[in-house]
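Residue strings, one per chain:
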Amino acid sequence: MAINKTVIKHNSLAGFLKTAREKELPGLFLIFGESFLIKQALKILKDFLLGKEHDSFAVEILEGGSTSIGDLIEQVATFSFLAPKKVVQVNHMALFSPAKGGADINYTPLDLDHLAGFMETGIPENHRLIMTAPLC
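Please read these numbers as outputs of a predicted model, since none were measured by experiment.

With that out of the way, let us pick up the overall build of the protein chain. In terms of helices and strands, the protein chain carries four helices and four strands. Along the chain direction, N to C, the helices and strands of the protein chain fall in the order α-β-α-β-α-β-α-β. Across the 136 residues that make up the protein chain, the buried fraction comes to 35%. Pairs at least 24 residues apart make up 80% of the contacts formed inside the protein chain by residues separated by at least 6 positions. Taken as a whole, the protein chain presents about 8,800 Å² of accessible surface, with 58% of it coming from carbon and sulfur.

Our focus in this paragraph is the sheet that holds strand β4 (residues 127-134). Spatial strand order, β1-β4-β3-β2: four strands in an open sheet with parallel pairing. Two strands in the sheet have a free side with no partner beyond their single neighbour: β1 (28-33) and β2 (59-63). For this sheet the average axis-to-axis angle between neighbouring strands, irrespective of direction, equals 20°. The pairing of strand β3 (residues 86-91) with β4 spans five bridges and is classified as parallel. Along β4, the bridge assignment pairs V88 with L129. Against the sheet, helix α3 (residues 69-77) makes contact with β2, β3 and β4, and its axis sits at roughly 140° relative to β4, the strand it touches most.

Next up on the list: the nonpolar core. Counting residues in hydrophobic clusters, the biggest one holds 17 residues, and the most contacted among them are L25, F29, I31, L45, L49, L50 and I130. If you list the elements that add at least two residues to this core, you get α1 (13-19), β1 and α2 (35-50). Looking at this core element by element, the count peaks at six residues for α2. Those residues in contact with F29 that lie beyond four places of it in its chain are L45, L49, R128, L129, I130 and M131.

Cut-offs applied
- Residues numbered from 1 in each chain as written.
- Predicted model: local features only at pLDDT ≥ 70, side-chain atom pairs only at ≥ 80, totals over all residues.
- Heavy atoms only, no water.
- Helix = DSSP H or I, 4+ residues; strand = E, 2+ residues; numbered from the N terminus.
- Buried < 20%, exposed > 50% of the residue type's maximum accessible area, 1.4 Å probe, protein only.
- Contact = heavy atoms within 4.5 Å.
- Areas by Shrake-Rupley, 256 points an atom, 1.4 Å probe, with all protein chains shown as cover.
- Pairing = 2+ DSSP bridges.
- Axes fitted to C-alpha atoms, helices over the stretch in contact; angles between N-to-C directions.
- Core = buried A, V, L, I, M, F, W, Y, C linked by side-chain atoms within 4.5 Å.

So, in structure tokens, the structure goes:
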């Protein structure tokens, strides 16, 4: 499986998506930076993936500090009866920022291996995982 490590800045995202085909996009997106820019990028990306009138049944929002890797994988792998596409959005993913006192979960190397293994087998078609990590 080829890994695409394209870095796209917030002011280029909309232009990039205009030229991209949805089937060519990766199953995992990492959006990091300032909170305001993360919100803008999330809106642009979800509008592209789900349409401007995206259905609330197609989006699952999780909090990174309180969601285990097993729960995250389960949400991404589970199909919706109500929507043909699914986006799992993980806010404040603890993988990418220093541990804070409020975070309930600290991910172990085994957790990271489990997530990497899931990514290698592939996210189901029409499903996307979006992780956000604000700047500290």
